[in-house]
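Here's the letter readout for the chains.
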Amino acid sequence: MKKLTFLLLLLLSYTGVFAQSNIGVTMDDTLQSSGKIYVVVAIIAIIFVGLALYLFSIDRRLKKIENEK
Amino acid sequence: MKFIYQTWWKVIAVLLVFSTLFTGLLLHVPALPVLHETIRNLYFHVPMWMGMLTVFVLSVYFSIKYLRNGREEDDLAAVECVNTGLLFYAMGLVTGMLWAKYTWGQFWSGDPKQNSAAIAFLLYCAYLVLRNSIDEEQKRAKISAIYNIFAFPIMIVLIFILPRMTDSLHPGSGGNPAFGKYDLDNGMKIAFYPAMLGWSFIALWIATIRYRIRLIENKKNAIN
């Protein structure tokens, strides 16, 4: 048990390293923190998927009409 | 021409554009003055013009093909390519205007790029007007094919060459750098190239749908 906790402690000790890395790298922190940009991304994605599906359905209907003739 | 009835490349087009919605909006972009986050428009505004170019090039190809062999289908393909191209043209103009509002200060500032884009837009509108004003089918096809072949290089000169020879606010003009400088070291290509390719395919897809509808309409009119 003692060995396991020690191992766990060692395994988790690397997290301290990442605490520092946040200072240097400012990767889109403004976007992802409280700006709720994911909501916008999701909505745009939904709209695009809807339009794409609509295009596919038009394509399918057209195929049906073409096959009738 | 069989591929226009197949689905695989349409799926690829949708997936490409779909991926850019995430990579384009969430990945890191260089922090530049004036532009700020609007630099992400590069993934959405520029591909509109790429889509337009794709179908306009195709329409010239079909116009030349029509003049060579006189097949009516080639004429119809050329027209529908131009129709689709004009949709993407309008999208490019409007998105460009909105972007200009927040970076150049005005929707329309009479910038050489904007002005010549508007002129070239009218050039292609004139193509449709010319086409619709001729009743006789073969004459209409021939004249509009010739017009189309001449309109294309003029459009290229107006949009891509003349503005670059003068001072324009648009990137790539008058010593104003295009985005190529920035995307090299910032991984913007990850979103930019798929967007260009994906929207080109989507423009092509819409053009093929319009062409297929046109074929059916044409057949129906021929019987009557």
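Please refer to the structure placed before this passage.
None of the values given here were measured: they were computed from a predicted structure.

Criteria and cut-off values
- Residues numbered from 1 in each chain as written.
- Chains lettered and ligands numbered in written order.
- Predicted model: local features only at pLDDT ≥ 70, side-chain atom pairs only at ≥ 80, totals over all residues.
- Heavy atoms only, no water.
- Patch = residues over 30% accessible without salt bridge, like charges linked within 9 Å, V, L, I, M, F, W, Y side chains within 5 Å.
- Areas by Shrake-Rupley, 256 points an atom, 1.4 Å probe, with all protein chains shown as cover.
- Salt bridge = Lys/Arg side-chain N within 4 Å of Asp/Glu carboxyl O.
- Helix = DSSP H or I, 4+ residues; strand = E, 2+ residues; numbered from the N terminus.
- Buried < 20%, exposed > 50% of the residue type's maximum accessible area, 1.4 Å probe, protein only.
- Phe/Tyr/Trp six-rings, centres within 6.5 Å; stacked < 30°, edge-to-face > 60°.
- Contact = heavy atoms within 4.5 Å.
- Buried area = accessible area lost by both parts, 1.4 Å probe.
- Polar contact = N/O pair within 3.5 Å; in protein donor to acceptor, adjacent residues only side chain to side chain.
- Nonpolar A, V, L, I, M, F, W, Y, C, P; charged D, E, K, R; others polar.

A. Geometry of a nonpolar patch on the surface. Residue and element names in this part refer to chain A. On the surface, a cluster of nonpolar side chains totalling about 510 Å² of accessible area is made up of Val 39, Val 40, Ile 43, Ile 44, Ile 47 and Leu 51. Looking at where Ile 43 falls in the secondary structure, it is placed in helix α4 (residues 37-68). According to the relative accessible area criterion, Ile 43 is partly exposed, its value standing at 46%.

B. Inspection of the packing of aromatic side chains at higher detail. All names here are of chain B. Throughout the structure, instances matching the rule amount to 14 aromatic pairs over all chains. Ring geometry for Phe 88 and Trp 199: centres 6.5 Å apart, planes at 65°, overall edge-to-face. Placement of the pair is Phe 88 in helix α3 (residues 72-103) and Trp 199 in helix α7 (residues 189-223), with a sequence separation of 111 residues. Judged by relative accessible area, Phe 88 falls into the buried class, the value being 3%. The buried category is assigned to Trp 199, whose relative accessible area is 15%. Ring pairing ties together the aromatic residues Trp 49, Phe 56, Tyr 89, Phe 121 and Tyr 124, which thus form one cluster.

C. Up close: the pattern of salt bridges. This structure, assessed with the given rule, holds ten salt bridges over all chains. A salt bridge links Arg 212 of chain B to Glu 66 of chain A; its shortest N-O distance comes to 2.9 Å. Taken together, the residues Arg 212 of chain B in helix α7 and Glu 66 of chain A in helix α4 connect one chain to another. By relative accessible area, which is 0% here, Arg 212 of chain B ends up buried. Of the charged contacts, one joins Glu 37 of chain B and Arg 40 of chain B as a salt bridge, the two residues approaching to 2.6 Å between their closest N and O atoms. On the accessibility criterion, Glu 37 of chain B (35% relative accessible area) is partly exposed. What you see here is one network of salt bridges that share partners, running through Asp 59 and Glu 66 of chain A together with Lys 10 and Arg 212 of chain B.

D. View of the interface of chain A and chain B. Residue-level contacts link 22 residues of chain A with 25 residues of chain B. In total, chain A and chain B occlude about 2,100 Å² of area from one another, counting both sides; carbon and sulfur atoms represent 76% of this. The largest contributions to the chain A side of the interface with chain B come from Phe 48, Leu 55 and Phe 56 of chain A, which together make up 26% of the buried area. Between the two partners, chain A and chain B, sit three salt bridges. Residue Lys 10 of chain B pairs with Asp 59 of chain A through a salt bridge whose shortest N-O separation is 3.0 Å. One can count five residue pairs in polar contact (both at pLDDT 80 or more) joining chain A with chain B. Listed by contribution, the elements that provide at least two residues to the side of chain A that touches chain B are α3 (29-32) and α4 of chain A. Here the residues of the side of chain A that touches chain B are counted per class, giving 15 nonpolar, two polar and five charged.

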